[in-house]
Amino acid sequence: MEYDAIILGAGGAGLMAAATAGQSGARVLVIDHAAKPGKKILISGGGRCNFTNIGTAPENFLSENGHFAKSALSRYTQWDFLDLVERHGIAWHEKTLGQLFCDGSARQIVAMLVEECRKGGAEIRLATPIGEIGHGDGRFRVAGATARQLVIATGGPSIPKMGATGAAYDIARRFGLDVVTPRAALVPFTLGDEASDFKAIAGVSCPVVARVGGTAFEEAALFTHRGLSGPAILQVSSYWTPGETVTLDVLPGAAEVLRAARRRAPRSHLKAVLAQHLPTRLAETLAARIGLTKELGNLGDADLDAAAATLTQLAFRPTGTEGFAKAEVTAGGISTAALSSKTMEARGVPGLYAIGEAVDVTGWLGGYNFQWAWSSGVAAGLAIAARARQR
């Protein structure tokens, strides 16, 4: 059968592109090997889908080209998607740091996208392996279907148990597109034996300022039996390279906090003071690591300053991350140098597009990656329809 476009992948980006192109007059086929559409959407946000962030801006994304995402994000914004959500009667709420979630279920977002595809007459073919992709005479051939345009929307290899693969990169290379080395992002760190005292308090979390190089995030960190997790850790993991140190400020203003405690209660001990500000098990671990056993009144400024330095620059050198199996997204991907930032079309292969997580654009934790899926999907969908009208 002949279509204007074949979209590979029935995730957020692929469905958005299909709905946009279809409603703009293009004949579209979506192909996915999974039995259901939107599998990653369904598990996101604890099943309630953190579908966007009201603070979305280009600065919230990583890419070898920091400017690439600007066009798509400005042409289809978080407010545009929120308007779509509200038109479908989906109740939502805002959590911390501008994160928007469904009041009900992530299934509502998938149902909304499928309905938008239906309105545009887009066909969704599930449980269909992509197989070999043919290309010639200005047409792409996939799974018995033919189209003048092809969209790579198969995502990245994060969360392989959901069926995620690196197929997008194989397809891109097949057509001569460069790929920025994919790596796990928004992912927990693993720690070595030198951090065994912190791994022993698995389950403890607290607000921190986490830093990698010049990048810092102020959110919660979670100590695990393997290392470090929690929102602040996931955020800095996207900026981390092997061998780098991760530092945590677990008690901002620690020097003054300790001095004030010495003035107020000179007979108290460090562990007791820390327990007033931090979870008990973490306070005990930090006090043991610092090693000051005297009463605060018997400690000098140098002692308190050294303790404060540990508390505000608690350093860890991860042995690695928990990899794609636990990564929420993939950093790297199809190089933006090969794509138009306005249409997401490959510069050297007319009719070939790449969108969503398959592309070297990675958002922060908190709904940003979904917004990139919506925005890049719309950009490609509009371009597909425009090209279809020219035929």
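Residues numbered from 1 in each chain as written. Predicted model: local features only at pLDDT ≥ 70, side-chain atom pairs only at ≥ 80, totals over all residues. Heavy atoms only, no water.

Engineer: Tell me about helix 13 (residues 368-390), residues and numbers included.
Structural biologist: Between its terminal C-alpha atoms helix 13 stretches 34 Å, which fits the 33 Å expected from 23 residues at 1.5 Å a residue. By the criterion of burial, helix 13 is predominantly enclosed, with 17 of the 23 residues buried. (Helix = DSSP H or I, 4+ residues; strand = E, 2+ residues; numbered from the N terminus. Expected span 1.5 Å × (residues − 1). Buried < 20%, exposed > 50% of the residue type's maximum accessible area, 1.4 Å probe, protein only.)

Engineer: Describe the pattern of salt bridges, and please don't skip the residues or the numbers.
Structural biologist: In the structure shown here, the tally under the stated rule is 16 salt bridges. The closest approach of N and O atoms between E322 and R226, which form a salt bridge, is 3.6 Å. Placement of E322 in the loop between strand 18 (320-321) and strand 19 (329-334) and of R226 in the loop between strand 14 (215-223) and strand 15 (227-229) is noted, with a sequence separation of 96 residues between them. The buried category is assigned to E322, whose relative accessible area is 15%. We note a salt bridge from E295 to R267, for which the minimum N-O separation is 3.9 Å. (Salt bridge = Lys/Arg side-chain N within 4 Å of Asp/Glu carboxyl O.)

Engineer: Quick rundown of the sheet that holds strand 16 (residues 246-249)? Include the residues and the values.
Structural biologist: Across a sheet, paired strands are connected by hydrogen bonds in the backbone, their directions being either parallel or antiparallel. Strand order in the open sheet made by the seven strands is 17-16-13-14-15-12-18, with antiparallel pairing throughout. Strand pairing shows two members of the sheet lacking a second neighbour, strand 17 (314-316) and strand 18, which therefore form its edges. Sheet topology places strand 13 (residues 205-212) next to strand 16; four bridges connect them, and they run antiparallel. Each bridged residue has a counterpart across the sheet, and for A210 the counterpart in strand 16 is L248. Across the sheet, helix 12 (residues 301-312) touches strand 16 and strand 17, and the angle it forms with strand 16 is around 115°. (Pairing = 2+ DSSP bridges. Contact = heavy atoms within 4.5 Å. Axes fitted to C-alpha atoms, helices over the stretch in contact; angles between N-to-C directions.)

Engineer: For the packing of helix 1 (residues 12-23) against helix 13, give the residues involved together with the corresponding values.
Structural biologist: Between two packed helices, what matters for the description is the angle formed by their axes and the separation of those axes. The contact between helix 1 and helix 13 brings their axes to 7 Å, and the two run at 35°. Where helix 1 crosses over helix 13, the two elements pack in a sense that is right-handed. Residue-level inspection shows G12, A13, M16, A17, T20 and A21 of helix 1 in contact with helix 13, the latter providing A373, W374, G377, V378, G381, L382, I384 and A385. (Left-handed = near helix turned anticlockwise from the far one by under 90°.)

Engineer: Tell me about the packing of aromatic side chains, and name the residues and values.
Structural biologist: Per the counting criterion, the structure on display carries twelve aromatic pairs. Seen from their ring centres, F198 and F316 are 5.2 Å apart, and the 80° between their planes marks the pair as edge-to-face. A residue pair is termed long-range when its members are at least 10 positions apart, and F198 in helix 7 (residues 196-199) and F316 in strand 17 qualify at 118 residues. Accessibility classification places F198 together with F316 in one group, the buried group. Aromatic pair F217 and W364: ring centres 4.8 Å apart, planes at 80°, arrangement edge-to-face. In this pair, F217 sits in strand 14 while W364 sits in the loop between strand 21 (362-363) and helix 13, placing the two residues 147 residues apart along the sequence. For W364, a relative accessible area of 23% translates into the label partly exposed. Taken together, F61, F217, Y239, W364 and Y368 form an aromatic cluster joined through their ring pairs. (Phe/Tyr/Trp six-rings, centres within 6.5 Å; stacked < 30°, edge-to-face > 60°.)

Engineer: Before we move on, can you summarise the sheet that holds strand 3 (residues 50-53) with the specific residues and values?
Structural biologist: With respect to topology, three strands assemble into an open sheet ordered 3-6-5, the strand pairing being antiparallel. Both edges of this open sheet fall to strand 3 and strand 5 (92-94), since each of them pairs with a single strand only. Neighbour-to-neighbour, the strand axes of the sheet open up by a mean angle of 30°, direction not taken into account. For strand 3 and strand 6 (residues 99-102), the ladder comprises three bridges, and the chain directions are antiparallel. Following the sheet pairing, T52 is matched in strand 6 by L100. Those strands touched by helix 4 (residues 78-87) are strand 3, strand 5 and strand 6, and its axis lies near 140° from that of strand 3.

Engineer: An account of the packing of helix 4 against helix 5 (residues 107-119) is needed here, citing residue identities and associated values.
Structural biologist: Where helix 4 meets helix 5, the axes come as close as 10 Å, and the angle between the chain directions of the two elements is 90°. By the criterion of interaxial angle, the relationship of helix 4 to helix 5 is roughly perpendicular. Residues F81, L84 and V85 of helix 4 lie in contact with helix 5, whose contacting residues are I109, M112 and E116. Within the contact of helix 4 with helix 5, the residues separate by chemical class into five nonpolar, no polar and one charged. (Parallel < 35°, antiparallel > 145°, perpendicular 65-115°, else oblique. Nonpolar A, V, L, I, M, F, W, Y, C, P; charged D, E, K, R; others polar.)

Engineer: Now, about the environment of A221: what can you tell me, with residues and values included?
Structural biologist: When you line up the elements, A221 lands in strand 14. Note: C-alpha distance between A221 and R391 (170 residues apart in sequence) is 54 Å. Setting aside its immediate chain neighbours within four residues, A221 contacts V204, S205, C206, V208, S229, G230, I233 and L248.

Engineer: Provide a residue-level description of the environment of T146, including the pertinent values.
Structural biologist: Looking at where T146 falls in the secondary structure, it is placed in strand 10 (residues 145-152). What T146 contacts, discounting residues up to four positions off in sequence, is M1, E2, Y3, I6, R139, F140 and R141.

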